[in-house]
Amino acid sequence: MSLKVLVVGDVMTDIIVKPEGPIVWGSDRRAKIRNRPGGSGANQAVWLGAAGVPVKFVARVGQDDLATHERYFARFGVDAHLAGDAEFDSGILVTLLDQNGERSFLTDRGANLNLCSDDMPESVLDEVGLVLISGYSLFSPGPRQAVRRLLDQARARQISIAVDPASVGFLAEIGPSQFMAWVGSCDWIFANDSEAEVLTGHADFEQQIAILAKTFRNVVIKRGRFGAVLGGTEGIVLSLPAPVVPVVDTTGAGDAFAAGFVGALLADADAGSCLGAGIAGGAKAVQFVGGQPQ
């Protein structure tokens, strides 16, 4: 594998809260609370690096945390291009886990909000075979402008582009047509079934693929415990089930899926192997607390 993956996205600290039962508003509930490194883009980069895939990662963190984050990403073989922000601290995400491992989020994106074009000069595309964009980088004006500029440069170089929408809540807030306009024509989308439904207005994944294929040449829909499907303008090409595994925490499962798929893709694996690698990555991620490999 000679070409690298360039990941652009958030760095967060995940505060993961698993109450013993339903939250008692206005009173106490015992809970297990853990701190884990997170952020959709950071998760993808670390899963790729841990698998031995050559990966660059562009992001912005608080200035005080810069050296710590650089050392952390280096441990996983990630070539991290991090900018230190003097205005905001690094981002923080509070994840509330229910008894089934499903998640709800409270997000303070912090330094990620100041990601800019100076953080990603065109030279960051050197030796890159695929750019993987986390949707979180498109939901604020400054990062969005920088990412769209980078995508135009990638297209000019004929570098493949993949997008992970990242957030149902933010997608619903801005609307599907606006999101599509921001990303433009791309080679890949990795959407979970909820994100695909928001983007298309349909619950049926065959219809989701038909609509998304108008913007994305290849459509991958992550269906959690039901596996994943791959398709395009010709409809569904492949559907694979997921293995039955104990679910502890679904945080980062979609990021691990995208990393597994992309890693196989850059190794010239066939469609079935790519989809299988993505599903295997997601299945591994749900079996422990946190969104990055341990």
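Each remark here, short or long, concerns the structure printed above.
Residues numbered from 1 in each chain as written. Predicted model: local features only at pLDDT ≥ 70, side-chain atom pairs only at ≥ 80, totals over all residues. Heavy atoms only, no water.

1. Here's the deal with the sheet that holds strand β12 (residues 228-232)
Hydrogen bonds between backbone atoms are what pair the strands of a sheet, whose relative direction is either parallel or antiparallel. Ordered in space as β5-β4-β1-β8-β9-β10-β11-β12-β13, the nine strands form an open sheet in which the pairing is mixed. Of all strands in the sheet, those bounded by a partner on one side alone are β5 (78-85) and β13 (235-240). Along the sheet, successive strands turn relative to each other by an average axial angle of 20°, direction set aside. In terms of strand pairing, strand β11 (residues 216-222) meets β12 through four bridges, oriented antiparallel. The residue bridging I221 from the neighbouring strand is V229, located in β12. Helix α1 (residues 40-50) contacts β1 (4-8), β4 (55-62), β5, β8 (128-134) and β9 (160-164) of the sheet and is inclined by roughly 145° relative to β4. Lying over the sheet, helix α8 (residues 253-266) contacts β1, β8, β9, β10 (186-192), β11 and β12, oriented at roughly 150° with respect to β10. (Pairing = 2+ DSSP bridges. Helix = DSSP H or I, 4+ residues; strand = E, 2+ residues; numbered from the N terminus. Axes fitted to C-alpha atoms, helices over the stretch in contact; angles between N-to-C directions. Contact = heavy atoms within 4.5 Å.)

2. Some words on the environment of G49
Locating G49 in the fold gives a position in helix α1. Discounting residues that sit within four places of it in the chain, G49 has contacts with V55, F76 and V78.

3. Focus: the environment of H202
Among the secondary structure elements, H202 is positioned in the loop between α6 (193-200) and α7 (205-212). Of the residues examined, H202 reaches a relative accessible area of 28% and is grouped as partly exposed. The spatial distance from the C-alpha of H202 to the C-alpha of A259 is 26 Å, given a sequence separation of 57 residues. Those residues within four positions of H202 in sequence are excluded, and the remaining contacts are A196, E197, Q207, Q208 and I211. (Buried < 20%, exposed > 50% of the residue type's maximum accessible area, 1.4 Å probe, protein only.)

4. Overview of the sheet that holds strand β7 (residues 103-108)
Here we have four strands laid out as an open sheet, ordered β3-β2-β6-β7, and mixed in their pairing. Only two strands of the sheet have a single neighbouring strand rather than two, namely β3 (31-38) and β7. Across the sheet, the mean angle from the axis of one strand to that of its neighbour is 20°, orientation sign disregarded. Bridge analysis of strand β6 (residues 91-97) against β7 gives six bridges, and the strand direction is antiparallel.

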